[in-house]
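Coordinate analysis (summary)
The residues making up each chain are set out below.
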Amino acid sequence: MEEVRVRFAPSPTGYLHIGGARTALFNWLFARKCGGHFILRIEDTDMERLKEDSAGQILSSLKWLGLDWDEGPDREGAFGPYWQSQRRDVYQKNVDWLVENKKAYPCFCTAAELEAERTSQKAAGKPFRYSGACRRLSGEAVREKLTAGFKPAIRLALPAEGEVTVNDLIHGPVVFRLDQLDDFIIFKSNGMPTYNFACAVDDHAMKISHVLRAEEHLSNTPKQILLYNALGVKPPVFAHMPMILAPDRSKLSKRHGATSVEEFRGQGYLPEAIVNYLALLGWSPGSGQEYFTPDEAINQFELDKMSKKAAVYDVKKLTWMNGQYLSALPAERVLAEAMPFLRAAAGLEDKHFGGEEYLLKLVDIVRVRVKTLTELSGAARCFFCALDGYDQKGAEKYFSPQAAGHLELCGAAVEKAERFDVAALEDIYNSLAVQAGVKLAELIHPSRLALTGRTVSPGLFDVMVLLGRELTAKRLKAAACYIRGRTGAP
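Right, let's walk through the structure included here. Counting from 1, residues in each chain are numbered in the order their sequence is written. Under the rules for a predicted model, residues below a pLDDT of 70 receive no local features and side-chain atom pairs below 80 are neither given nor counted, while totals for whole chains, interfaces and linings still include all residues. Excluded from the side-chain calculations are hydrogens and water; all other atoms, namely the structure's heavy atoms, are used.

Turning next to the side chain of N276. Among the secondary structure elements, N276 is positioned in helix α9 (residues 271–279). A contact between two residues is defined here by any heavy atoms of the two lying within 4.5 Å. Every residue in contact with N276, bar those within four places of it in the chain, is listed here: E290, Y291, F292, M321 and Y325. Helical segments are the DSSP runs of H or I of at least four residues, strand segments are the runs of E of at least two, and each set is numbered from the N terminus.

With that out of the way, let us pick up the layout of surface pockets. In this analysis a 1.4 Å probe is tested at points of a 1 Å grid over the protein atoms alone, and where it fits but cannot get out there is a cavity; an open set with protein on both sides within 12 Å along at least five of seven lines is a pocket; lining residues have an atom within 4 Å of a point. Grid points are joined across faces, edges and corners, and a volume is the space filled by probe spheres set on the points. Roughly 1400 Å³ of internal volume is contained in the largest pocket. Taken together, 40 residues make up the lining of the largest pocket; nearest its centre are S11, H17, G20, E216 and H217. Among the secondary structure elements, those contributing two or more residues to the lining of the largest pocket are β1 (5–8), α1 (18–34) and β8 (210–214). Of the residues forming the lining of the largest pocket, the biggest block, four residues, is contributed by α1. Class assignment for the residues of the lining of the largest pocket results in 14 nonpolar, 14 polar and 12 charged. Note on residue classes: Ala, Val, Leu, Ile, Met, Phe, Trp, Tyr, Cys and Pro are nonpolar, Asp, Glu, Lys and Arg are charged, and everything else, Gly too, is polar.

Before going further, it helps to examine empty space enclosed by the protein. By the definition in use, this model includes one cavity of 30 Å³ or more. What lines the largest cavity is A379, C382, F383, T452, R454, V456, S457, P458 and V463. Of the residues assigned to the lining of the largest cavity, the class counts are six nonpolar, two polar and one charged.

Another point: α1. The terminal C-alpha atoms of α1, which comprises 17 residues, lie 24 Å apart, in line with the 24 Å expected from a rise of 1.5 Å per residue. By the criterion of burial, α1 is predominantly enclosed, with 14 of the 17 residues buried. Of the residues flanking the end of α1, it is G35, one or two places downstream, whose phi is positive at about 70 degrees. Expected helix span is computed as 1.5 Å times (number of residues minus one). Remark: exposure states derive from per-residue accessible area (1.4 Å probe, protein chains only) relative to the maximum for the residue type, with buried under 20%, exposed over 50%, and partly exposed in between.

Attention now moves to the environment of L181. You can see L181 is positioned in the loop between β6 (172–177) and β7 (185–187). What makes L181 buried here is its relative accessible area of 13%. Each C-alpha atom, one on L181 and one on R129, is 6.9 Å from the other, the two residues being 52 residues apart in sequence. For L181, the residues in contact, after removing those within four places along its chain, are R129, L158, K223 and L226.

Our next topic: helix α7 (residues 221–231). Here α7 lies mainly inside the structure; nine of its 11 residues are buried. Phi turns positive, to about 75 degrees, at G232, one or two residues after α7.

Once that is clear, we can look at unusual backbone geometry. Going from G80 to P81, the amide bond is cis rather than trans, its omega being 0 degrees. With respect to the helices and strands, P81 occurs in the loop between α2 (54–65) and α3 (88–100). In this structure, K102 is a non-glycine residue whose phi angle is positive, near 60 degrees. Mapping K102 onto the fold places it in the loop between α3 and β3 (104–107). Unusually for a residue other than glycine, K207 sits at a positive phi of about 55 degrees. Within the fold, K207 resides in the loop between α6 (195–205) and β8. A relative accessible area of 52% places K207 in the exposed class.

The following block contains the structure:
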């Protein structure tokens, strides 16, 4: 088997979309499984659509996901540069060769002339195909136009009839008739290559062995195969991965939730969870396994296990999976990702957070009841900031007139406790419940709300230990005063 060389070639026109991230992931998995090379190439020739620093964001997102590349913009190899905008001489050399060998020709048709052709063919009920008018120009006519200063586009000269077969590793043979295509443009009049031309030239120049990409690119593949044939080079092997659809099976868009890696990162998702989830969008190991480390995914990855059917994007499942990872990963790993969220929620500098040991304990007790780092930071805020109120529905349910006395009783007991640990506090609350003649829940629920401002939190006694004796007693008594002021309880 020849050396496997695959590439991910994003266009820097926005952040890394979830579909692009999946494409990068499957290329990365395939390269690592085969002991090959994963190449990152930035396709930045469409100057009108480029967005400032989009390429930087794409690189940052890939690194955050753990998808490292062997050659690329910041890791030069033998086949660079890896920015298409820096490869114009390569494209010019190839297009000149095609024209000299009568495999391509200059087209001087104006936008108005082409629109007139399109209108005429539409009126006749035909799909638009370029008439080939400039293909029939004599050499002398071409020279005259060039001398007069006309700047032509360059079109590929296609055979009049025949077929192009794409032998796809996922879909099998896919046949395209040449009468469905026209002499398409490969070089624009502004001197920039078109997507298909630059893609084909670069894939050959960079010795790409396999092109793994989304199914929507399948329609580009016959054009690229025709370009390989015209250039007299061997095409790579193609595999077009199933599309990603929204839960309602429509095209995925912003209305279905976050669609870029940066958005998910900003909402508190872990890279491990995103990678795991993306691996299951259109691929399955066949064993029913849902959780993978990167090494496990690499070992089990096979293209013949890729589905031909569209994959359905479900952010609810991703969120659930993220919660599982939050619970299962080492606390040190979760804390590393959580710190920016904790800083933002608490408005504090690192030196005011109580040290790493305290933060690790905090993360360990808080993470089991949350699904994102945003939720984690919200649940942790009460440990660093004064409460700014109590959950309204919780107060209506748990802050009864009787609760004021119970909370004062609990606050006094906490202050006098000989030991201040989880077991001791649990014993104290059990004794207080017996003493007051109430169920334990009638002490726990008001206490949780008093200490955190929320009705849902980690274990109450874990919360108390992390808050400390003084702050625990203070908040219990403050809640008792709040209840009296609110209800008029004695």
